[in-house]
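# Structural description and commentary
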Amino acid sequence: MEEKKESLNFIEQIVADDLENGKHSNIITRFPPEPNGYLHVGHTKAICINFGMTEKFGGRTHLRFDDTNPEKESTEYVNAIKRDIKWLGFEWGEHEYYASDYFGKLYEYALQLIKDEYAYVDDSTSEEMAEMKGNVNTPGQNSPYRNRSIEENLELFKKMKDGEFENGSKVLRAKVDMSNPNLLMRDPVIYRVKKAHHHRTGDKWNIYPMYDFAHGQSDSIENITHSLCSLEFENHRPLYNWFIEKLGIFPSRQIEFSRMNVTYMITSKRRLLKLVEEGIVSGWDDPRMPTISGMRRKGYSPESIRTFCDKAGVTKREQMIDIGLLEECLRQDLNKTTDRVMAVLNPVKVIITNYPEDKEENMLIVNNPEENEPSYRTVPFCREILIEQSDFMEEAPNRKYRRLAPGKIVRLKSAYIIECHDYVKDETTGEIKEIHCKYFEDSRSGSDTSGLKPKGTLGWVSTRHAIKAEARLYDRLFNDPTPTKHDGKDFMEFINPNSLKILPEIYVEPSVTQREVGERLQFMRIGYFCIDRDSTSERMVFNRAVTLKDTWVKVQKKNT
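The model shown is predicted, which means the values in this text are computed figures rather than measured ones.

### Focus on the overall build of the protein chain
In terms of regular secondary structure, the protein chain is built from 14 helices and 27 strands. Expressed as a percentage of its 560 residues, the buried residues of the protein chain come to 52%. Put simply, 70% of the contacts in the protein chain that link residues at least 6 apart link residues at least 24 apart. Carbon and sulfur atoms make up 44% of the accessible area of the protein chain, which totals about 26200 Å². Here the protein chain contributes 82 positively and 90 negatively charged side chains, and the mean placements of these two sets differ by 3 Å.

Here you go:
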């Protein structure tokens, strides 16, 4: 057993100990999102930890929406959250809950606190309460309403519930300790008057519990054994435990872990909403957004994200994870799982002068060479093809050059070996318009008897059969690794103006028309792409998920 524990992270060790010593016979965790925005990369860690814990040790994980702030919540967010978690590969079965399910019980808990003289109604304004709170060096001052009688508090709290007071006029506060060094323990507000329509309860309630009150008691109601949350809630734990103690309810245990912070990404829903509202991105699922829906649309796979979370680890020390690790996890997964197709993003025409004009052939090409039992497809070939402009140079720079140039031979992927003997330039721009080559008829892939040994292999598509499409080349949304960490500067100042480049006219092999929206592919020698939901039967759209290699480092070095 001891040997096994050495491979566990600190939370897993706690859970293993609790099971071993009989404290718990069944593990119950929960993932408790607020339905006020879309889930982002930071949430993936909490999802993987909570659901992963019960996958490893048995038990179950609840999905509970902490819907206590009706003005900012909607069913759109609820549905998006459920969709994202399912996409990541996790299920909660029948255990879908809402804090609003417990509004009646939470109200009863508040009445109990009042009756036990652990809560009181306060008429102070928010500014007055802030002033009386003090600071880390100065104890707070008791509210003049702190010693109201139990009867008066009960009467006022009932009137708050019945809608007899206006928003902001009264709050219910826990009576803890105004001199506590933890400012969160200085008589925190646990209920406020808020006459707002709720997405599930409608207009039934005129008061809503604060997050700190609803969260812990919801855990207890559901018999959550281990309440796992990010490190920002560490200072909230004494209050979490105080409510459990004073109410005498099931003692869920809160355990904190470090947040998922990733370079070049932000994980504040407020800031993400600003990007959406100001039109910096097209929406919550814009492929540049660090939201799960945005990452999915860009081409991330659930497996790559779960692998990333696993590699990032579970610690109590705040850390900043390099986005390069996330991208490499994606590359490794897509390299194993995606089919290869040929595409040309910046085309130049190649005319094979000695190939018959009316001839066509179907070339057999492997879909994914990484598969144990690979499948194949056929790609049409004819006299005129397109290759990448970057695959041709008027003069080879050195003997190691592996692409096409006058007098140089290359192999066309799964087709023939060709040799350039001429080219045509635009007299005005100097751009290459056509490349003239000859092919070696006895060099066809799979039956090559030419004896030629070309150093390079090029991707291509047939001009006669290629499908015209659009490519969206996405890059990092910010040009600074920590855009929110600069004093006196707004994170919006670090928006990368080159985060999206649209290529309206690329050419891909015709087999892609059989693929579905959301399918991921490798454009051979170019990168990994995903078929976007904007695709139509007339025009396909491909989002670049990630390059074949990490090119950002080279760009950064070039700019320094």
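### What about the pattern of salt bridges?
When charged atoms on two side chains of opposite charge get close, those side chains can pair. Under the counting rule described, the total for this entry stands at 53 salt bridges. Between glutamate 222 and arginine 64 there is a salt bridge, and its shortest N-O distance comes to 3.2 Å. With glutamate 222 in the loop between α8 (211–221) and β8 (226–230) and arginine 64 in strand β2 (residues 60–65), the pair connects residues that are 158 residues apart, well separated along the chain. Judged by its relative accessible area of 6%, glutamate 222 is buried. In this structure arginine 64 comes out as buried when scored by relative accessible area, which is 0%. Ionic pairing is found between arginine 533 and aspartate 534, a salt bridge with its closest N-O pair at 3.6 Å. Taking the relative accessible area as the measure of exposure, arginine 533 reaches 49% and is therefore partly exposed.

### Thoughts on the layout of surface pockets
Once rolled over the atoms, a probe with the size of a water molecule shows which space is left empty. By volume, the largest pocket amounts to about 1400 Å³. Around the largest pocket sit 49 residues that line it, and Glu34, Tyr211, Glu232, Phe233 and Lys269 are the ones nearest its centre. At the level of secondary structure, the elements contributing two or more residues to the lining of the largest pocket comprise β1 (28–31), α3 (41–57), α6 (126–133), β6 (189–193), α8, β8 and α10 (269–277). For the lining of the largest pocket, the element with the most residues is α3, which contributes 5 residues. A class-by-class count of the residues in the lining of the largest pocket yields 22 nonpolar, 13 polar and 14 charged.

### Quick word on the sheet that holds strand β18 (residues 409–412)
The sheet built from 7 strands is open, its strands ordered β21-β18-β19-β20-β14-β17-β22 with mixed pairing. Because the sheet does not close on itself, it has two edges, and the strands there are β21 (457–458) and β22 (461–462). Summarising the sheet, strand β14 (residues 347–352) and strand β17 (residues 384–388) pair through 5 bridges and their orientation is antiparallel. The partner of lysine 349 across the bridge, within β17, is leucine 386.

### Remarks on the packing of helix α2 (residues 10–20) against α3
At a minimum axis separation of 11 Å, α2 and α3 run at an interaxial angle of 40°. Our classification of the angle between α2 and α3 gives oblique. For α2 against α3, the interelement crossing comes out right-handed. Two secondary-structure elements touch here, α2 through Ile11, Glu12, Val15, Ala16 and Leu19 and α3 through Ile49, Met53, Lys56 and Phe57.

### Considerations on the side chain of glutamate 222
Within polar-contact distance, the side chain of glutamate 222 engages the side chain of arginine 64 at 3.2 Å. When neighbours within four sequence positions are excluded, glutamate 222 is seen to be in contact with Ile28, His62, Arg64, Tyr97 and Tyr102.

### Points about the confidence of the model for the protein chain
The predicted model of the protein chain averages 95 in pLDDT, with 97% of residues at 70 or higher. Taken as a whole, residues 1–5 scores under 50 in pLDDT and shows 5 contacts with residues more than four places along the chain or in a different chain.

### Points about α8
Burial analysis of α8 places 8 of its 11 residues in the buried class, the great majority of the element. Two residues or fewer past α8, asparagine 223 is found with a positive phi of approximately 60°.

### Description of the packing of aromatic side chains
Remark: the centre distance and the inter-plane angle together describe each pair of aromatic rings, the angle taken between the planes. Taken as a whole, this structure holds 25 aromatic pairs when the rule is applied. Both rings, one in phenylalanine 157 and one in tyrosine 191, keep their centres 5.3 Å apart while their planes meet at 70°; by these two values the pair is edge-to-face. Within this pair, whereas phenylalanine 157 is found in helix α7 (residues 150–161), its partner tyrosine 191 is found in strand β6, the two being separated by 34 residues in sequence. Assigned by exposure class, phenylalanine 157 and tyrosine 191 land together as buried. Put simply, the rings of Phe103, Tyr107, Tyr118, Phe157, Tyr191, Trp205, Tyr208, Phe213, Trp242 and Phe243 pair up and form one aromatic cluster. The aromatic ring of tyrosine 107 is capped on one face by lysine 161, whose charged end is 5.4 Å from the ring centroid.

### A closer look at empty space enclosed by the protein
Tallied over the full model, the rule gives 2 cavities of 30 Å³ or more. Sorting the residues of the lining of the largest cavity by element identifies α11 (292–298) and α13 (323–337) as the ones contributing at least two each. Looking at the lining of the largest cavity residue by residue, the class counts come to 10 nonpolar, no polar and 5 charged. Counted as a void, the second largest cavity has a volume near 80 Å³.

### Concerning the environment of tryptophan 460
Looking at where tryptophan 460 falls in the secondary structure, it is placed in the loop between β21 and β22. Note on tryptophan 460: relative accessible area 0%, which makes it buried. Put simply, tryptophan 460 and glutamate 509 are 49 residues apart on the chain and 8.4 Å apart in space, counted from C-alpha to C-alpha. With sequence-adjacent residues up to four places away left out, tryptophan 460 is seen in contact with Met342, Val344, Met363, Val379, Pro380, Phe381, Ile385, Leu386, Ile387, Leu412, Lys413 and Ala415. In this structure the side chain of tryptophan 460 is engaged in a polar contact, spanning 2.9 Å, whose partner is the backbone oxygen of lysine 413.

The rules behind each value
- Residues numbered from 1 in each chain as written.
- Predicted model: local features only at pLDDT ≥ 70, side-chain atom pairs only at ≥ 80, totals over all residues.
- Heavy atoms only, no water.
- Helix = DSSP H or I, 4+ residues; strand = E, 2+ residues; numbered from the N terminus.
- Buried < 20%, exposed > 50% of the residue type's maximum accessible area, 1.4 Å probe, protein only.
- Contact = heavy atoms within 4.5 Å.
- Areas by Shrake-Rupley, 256 points an atom, 1.4 Å probe, with all protein chains shown as cover.
- Lys, Arg positive; Asp, Glu negative; His and termini not counted.
- Charge placed at Lys NZ, Arg CZ, Asp CG, Glu CD.
- Salt bridge = Lys/Arg side-chain N within 4 Å of Asp/Glu carboxyl O.
- 1 Å grid on protein atoms, 1.4 Å probe; cavity = no way out; pocket = protein on both sides within 12 Å on 5 of 7 lines; lining within 4 Å.
- Points joined across faces, edges and corners; volume = space filled by probe spheres on them.
- Nonpolar A, V, L, I, M, F, W, Y, C, P; charged D, E, K, R; others polar.
- Pairing = 2+ DSSP bridges.
- Axes fitted to C-alpha atoms, helices over the stretch in contact; angles between N-to-C directions.
- Parallel < 35°, antiparallel > 145°, perpendicular 65-115°, else oblique.
- Left-handed = near helix turned anticlockwise from the far one by under 90°.
- Polar contact = N/O pair within 3.5 Å; in protein donor to acceptor, adjacent residues only side chain to side chain.
- pLDDT = per-residue confidence, 0-100.
- Phe/Tyr/Trp six-rings, centres within 6.5 Å; stacked < 30°, edge-to-face > 60°.
- Lys NZ or Arg CZ within 6 Å of the ring centre and 35° of its normal.

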